[in-house]
Amino acid sequence: MKFQDYLNLPFWLMNVAGTEKSLRKNPVLGSPFLNRLGLHRTRVKLAAKMAATRRARLASSLSETDRRSFDENGYFLTRDFLPTDDFEALRKAAFEQRFAAREMRQGPTVTRMVPLPPALLARHPAIARALRNPRALAQIRYAASQGGEPIGFFQTVIGDPSKAVDPQTNIHSDTFHATSKAWLFLQDVGEDDGPFCFVPGSHRLTPERLDWQHACSLSAASDRDGHHASGSFRVRPEDLAALGLPAPVRMAVPANTLIVADTFAFHGRAPSLKPTLRCELHWHMRRNPFRPWTGLDPKSLPGIRGRELELFMALSDAKETYLKKRHIWRPVGEVAINAPAQI
């Protein structure tokens, strides 16, 4: 070990009990020796056990129909989610304004993000009502198996097919524990528009899935695929069959459909052969998988609630300025959410 490694070792060890997922960046998590002994397997098993305990506490916030559907499939799908008047007011607020935005590129796909801090929501009550919809929040929290405040923002996915590969079209799991992402689509999403795709039932930690996670942990740190090495394990179609899972379902849906998914499950973005542009209100939620409670969320404290994304971007900008650590989300000024890609 290098001297710097000894300085980092306490942090690597502390991260074992947190959300850290990268087997490449954290040599403790990526150690083939420790993972042969069961380190990754134990983290996955304990996280799943804690998630089940927390979900039992959150279940009363859902209808019985919603809960049963999620427990079976790993996602919620609700068409005509908002009342018509509320949805049209949301679309008007979203499409008739220009917002300060960030963009990142992955292969041929650009993702635009528009943070929605409290000051912006105060000016746009239609956006605030949708973002804080109680049924949406209940589903997001249940899928993540966590209480507290999810991050919400406008997201635009702009695809331009080329020889480059969009890594999000590879079916994958985001991390080793329950997390949630949600999309309220502001436009129709057709079969050839790069729809979200999901492997039903893959949110459950079966013995086969646990063995697969263990096998991945033995070699992921040195894998050529950087996403796989970072703990977002990629799964091959033949692996799905071996795990007793069906093929991914493509979720082509009309506007005003809300999808909420546990992204420990296998999912991805379906590839498209044509240029596409898709706008949505998007949430995601990830917390420490080993905490036993659903409350006491520090991200709900005054000054932080609703500003987590804004604060994260300010910190990232400071790191880029002072530490020369370039981050992937590039500021592009004020743009319409359905404008062409700026980067």
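Heads up: the structure comes first, above all this text.
Below, the structure is looked at part by part.

Each value, and the rule that gives it
Residues numbered from 1 in each chain as written. Predicted model: local features only at pLDDT ≥ 70, side-chain atom pairs only at ≥ 80, totals over all residues. Heavy atoms only, no water. Pairing = 2+ DSSP bridges. Helix = DSSP H or I, 4+ residues; strand = E, 2+ residues; numbered from the N terminus. Axes fitted to C-alpha atoms, helices over the stretch in contact; angles between N-to-C directions. Buried < 20%, exposed > 50% of the residue type's maximum accessible area, 1.4 Å probe, protein only. Arc of directions from axis to C-beta. Polar contact = N/O pair within 3.5 Å; in protein donor to acceptor, adjacent residues only side chain to side chain. Contact = heavy atoms within 4.5 Å.

The eight strands lie next to each other as E1-E8-E5-E10-E4-E3-E2-E11, forming an open sheet whose pairing is antiparallel. Bordering the open sheet on either side are strand E1 (75–78) and strand E11 (330–335), each of which pairs with just one other strand. For this sheet the average axis-to-axis angle between neighbouring strands, irrespective of direction, equals 25°. Sheet topology places strand E3 (residues 109–115) next to strand E4 (residues 151–159); seven bridges connect them, and they run antiparallel. Each bridged residue has a counterpart across the sheet, and for Met113 the counterpart in E4 is Gln155.

A separate point is helix H4 (residues 64–73). Every buried residue of H4 is accounted for by Asp66, Phe70 and Asn73. In a view along the axis of H4, the buried residues occupy a sector of 85°, so they form one face of it. Relative to its buried face, H4 has exposed residues pointing more than 90 degrees away, namely Arg68 and Glu72. Directly after H4, the chain includes Gly74, whose backbone phi takes a positive value near 95°.

The next thing to look at is the side chain of Asp193. Within the secondary structure, Asp193 is located in the loop between strand E5 (180–185) and strand E6 (196–198). Only 2.7 Å separates the side chain of Asp193 from the backbone nitrogen of Gly190, close enough to count as a polar contact. Among the polar contacts listed, one links the side chain of Asp193 to the side chain of Lys274, at a separation of 3.2 Å. Beyond its immediate sequence surroundings of up to four residues, Asp193 is in contact with Asp188, Ser272, Lys274, Thr276 and Arg278.

By themselves, these figures tell us nothing about what the structure is for.
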